[in-house]
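The primary structure of each chain is shown beneath.
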Amino acid sequence: MRRLAGALEILDGPLPDETALVGNLRDLRRTNRWLWGTSLSLRAVDALLGRHAADSTEASILDVGTGSADIPLALLARAERDGRVLRVVATDARPEVLAAARQLDPSLDGRAGLVMRVADGSRLPFADGAFDVAHTSLVLHHLEPEDAVRLLAELDRVARVGVVVNDLLRSRRNWAGARVLAAVATRNPLTRNDGPLSVRRAYTEPEARSLLARAGLRPIAALRDPLRQRFAIAAVAAEP
């Protein structure tokens, strides 16, 4: 299946309907939890931090395009269980998305270790190497190749250890599955429109690897869910 370039999802445009946006974030939380999206990110983060922080109990993670901040919350909950200190800065370019996330989960602003900020992933307001890991989930497919490379290079700039990219895998089977899931699992208009379209806009794993290489990144771990509908790649800066 050829990638559908240049198409826009509802989430890429104006978002005046806060109720629909909150519902979409709720659907994405469920999808991440039930279809292994969150677990892929946690495993990919482990692939990076396990190599560099075995003797440390503290780490920092930047999450770009955080949506409802469900993956940062999962990272923080696991760190607490393991007796580690974790600091997560969760960013989104759209203030209305962060407002909807707070409406969905009013406890976000009081969550220890979590900071929510508006920030553009292509121009992050952080110093070089400000975080151990820079993570992004379900963002890459929204970007055309040049913008995707720019995002990945910016993630690399602010990450001391490495970068994690988690996204959908494009295929006819996954597109058909997304259409069925959107039709039967939700009535939310954003989810029903954007879910299948996201798969059409997504990259294959070889395409994602090519984008990473163009950004100066080298994969060290590539993970897929049991249904092969998502991937997570942990990458480090390539040798000069």
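Sequence order sets the numbering: in each chain, residues are counted from 1 along the sequence as written. Where totals are concerned, whole chains, interfaces and linings use all residues; where local detail is concerned, this predicted model gives features only for residues with pLDDT of at least 70, and gives and counts side-chain atom pairs only at 80 or more. Only hydrogens and water are removed before side-chain values are computed, so all heavy atoms of the structure are retained for them.

J.: Hey, could you run me through the packing of aromatic side chains in this one?
T.: We describe a pair of aromatic rings using the distance from one ring centre to the other and the angle between the two ring planes. Note on aromatic pairs: the rings of Phe, Tyr and Trp (six-membered ring only in Trp) are paired at centre separations within 6.5 Å, and the planes decide the class, stacked below 30 degrees, edge-to-face beyond 60, tilted for the rest. A complete count under the given rule lists 1 aromatic pair for this structure. Seen in terms of ring centroids, Phe-126 and Phe-131 are 5.1 Å apart; in terms of plane orientation they differ by 85°. Their pairing is edge-to-face. Our definition puts a charge over a ring when NZ of Lys or CZ of Arg is within 6 Å of the ring centre and also within 35 degrees of the ring normal. Sitting over the face of the ring of Trp-175, Arg-200 holds its NZ or CZ atom 5.9 Å from the ring centroid.

J.: I'm lost on the nonpolar core in this one. Help?
T.: Looking at soluble globular proteins, one finds that nonpolar side chains tend to be buried together. Residues enter a nonpolar core if they are buried and are Ala, Val, Leu, Ile, Met, Phe, Trp, Tyr or Cys, with the set joined through side-chain atoms within 4.5 Å. Exposed residues in this analysis have more than 50% of their type's maximum accessible area, buried residues have under 20%, and partly exposed residues fall in between, with area computed by a 1.4 Å probe over protein chains only. Among the nonpolar cores identified, the biggest contains 39 residues, and Leu-86, Leu-114 and Met-116 are the most heavily contacted of them. Note on conventions: DSSP H or I runs of at least 4 residues are helices, E runs of at least 2 residues are strands, and numbering of each starts at the N terminus. Ranked by residue count, the leading element in this core is helix α2 (residues 37-52), at 6 residues. Whether two residues touch is decided by their heavy atoms; if any such pair falls within 4.5 Å, the residues are in contact. In this structure, Leu-114 is in contact with Pro-72, Leu-73, Leu-76, Val-88, Ala-90 and Leu-108, ignoring residues within four places of it in sequence. Judged by nonpolar contacts, the second largest core, of 29 residues, contains Val-64, Phe-126, Ala-208 and Ile-233.

J.: Would you explain the pairing of strand β7 (residues 230-237) in this entry?
T.: Along any regular strand the residues' side chains alternate between the sheet's two faces. Within β7, 7 of the 8 residues are buried, which leaves the element mostly enclosed by the surrounding structure. By the convention used here, strands pair only if DSSP detects at least 2 bridges between them. Here 6 bridges tie strand β5 (residues 159-168) to β7, and the two strands are oriented antiparallel to one another. Counted as the bridge partner of Val-165 is Ile-233 from β7. Pairing of strand β6 (residues 217-224) with β7 involves 7 bridges; the strand directions are antiparallel. Pairing of Pro-219 across the sheet is with Ala-235, part of β7. The hairpin formed by β6 and β7 contains 5 residues between the paired strands, and Arg-228 there has a positive phi angle of roughly 55°.

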